[in-house]
Amino acid sequence: MRTMGLDYGDKTIGVAVSDLLGLTAQGVEVIRRTSPVRDFDHLKRIIGEYEVTEIVVGLPKNMNGTIGPRGEICQEFAGQLEEAFALPVRMWDERLTTVSATRTLLEADVSRKKRKQVVDKIAAALILQGYMDSKR
């Protein structure tokens with residue numbers, strides 16, 4: 001039983017999954033978005049492979065805590081996930097996760113090209129880890 005974390009963007013979806021105990025989050029991959037059908041097929045494969053029982057979607061809030069247009073898009077996506085996979089879907093405040101992921105990669109001296117390839121899955125892992133930490 002694992003939880004999956006998603007960083008949903010216009011061009012990509014960062015994916016992370018928890019360990020079996022729900023203690024740590026690991027980035028799995030970045031899905032290059034092509035079409036809703038293909039994106040959901042890809043997510044379905046990951047859900048089956050990791051035996052996911054819950055999904056956490058990052059909710060990009062404004063710095064004042066309000067939800068803007070991007071947040072509304074993520075909420076709609078979360079509803080579609082819940083309907084498609086019949087799994088509980090939670091929203092988690094993702095403010096500054098991409099900034100934090102980028103900073104971590106910069107501190108690790110990861111090249112710009114490689115940062116661009118992995119930043120979304122690192123952000124997904126940060127979203128998922130924050131959610132799991134809040135449950136303890």
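Residues numbered from 1 in each chain as written. Predicted model: local features only at pLDDT ≥ 70, side-chain atom pairs only at ≥ 80, totals over all residues. Heavy atoms only, no water.

A few words now on the environment of isoleucine 31. By the secondary structure assignment, isoleucine 31 is in strand S3 (residues 25-32). Isoleucine 31 sits in the buried class, given a relative accessible area of 2%. Sequence-wise, isoleucine 31 and lysine 11 are 20 residues apart; in three dimensions their C-alpha atoms are separated by 8.5 Å. Apart from residues no more than four positions distant in its own chain, isoleucine 31 is found in contact with Lys11, Thr12, Ile13, Val15, Asp39, His42, Leu43 and Ile46. (Helix = DSSP H or I, 4+ residues; strand = E, 2+ residues; numbered from the N terminus. Buried < 20%, exposed > 50% of the residue type's maximum accessible area, 1.4 Å probe, protein only. Contact = heavy atoms within 4.5 Å.)

Quick look at the side chain of threonine 12 now. With respect to the secondary-structure elements, threonine 12 resides in strand S2 (residues 12-18). One polar contact links threonine 12 to aspartate 120, side chain to side chain, over a distance of 2.6 Å. Setting aside residues no more than four positions away along its own chain, threonine 12 makes contact with Asp7, Val30, Ile31, Arg32, Arg33 and Asp120. (Polar contact = N/O pair within 3.5 Å; in protein donor to acceptor, adjacent residues only side chain to side chain.)

What follows is about unusual backbone geometry. One non-glycine residue, glutamate 51, lies in positive phi territory at about 55°. Within the secondary structure, glutamate 51 sits in the loop between helix H1 (36-50) and strand S4 (52-59). Here the phi dihedral of alanine 86 falls at roughly 50°; this positive angle occurs in a residue that is not glycine. For alanine 86, the location among the structural elements is in the loop between helix H2 (69-85) and strand S5 (89-93).

A word on the environment of asparagine 64. By the element assignment, asparagine 64 lies in the loop between S4 and H2. Classification of asparagine 64 as exposed rests on a relative accessible area of 61%. For asparagine 64, the side chain forms a polar contact with the side chain of threonine 66, separated by 2.7 Å.

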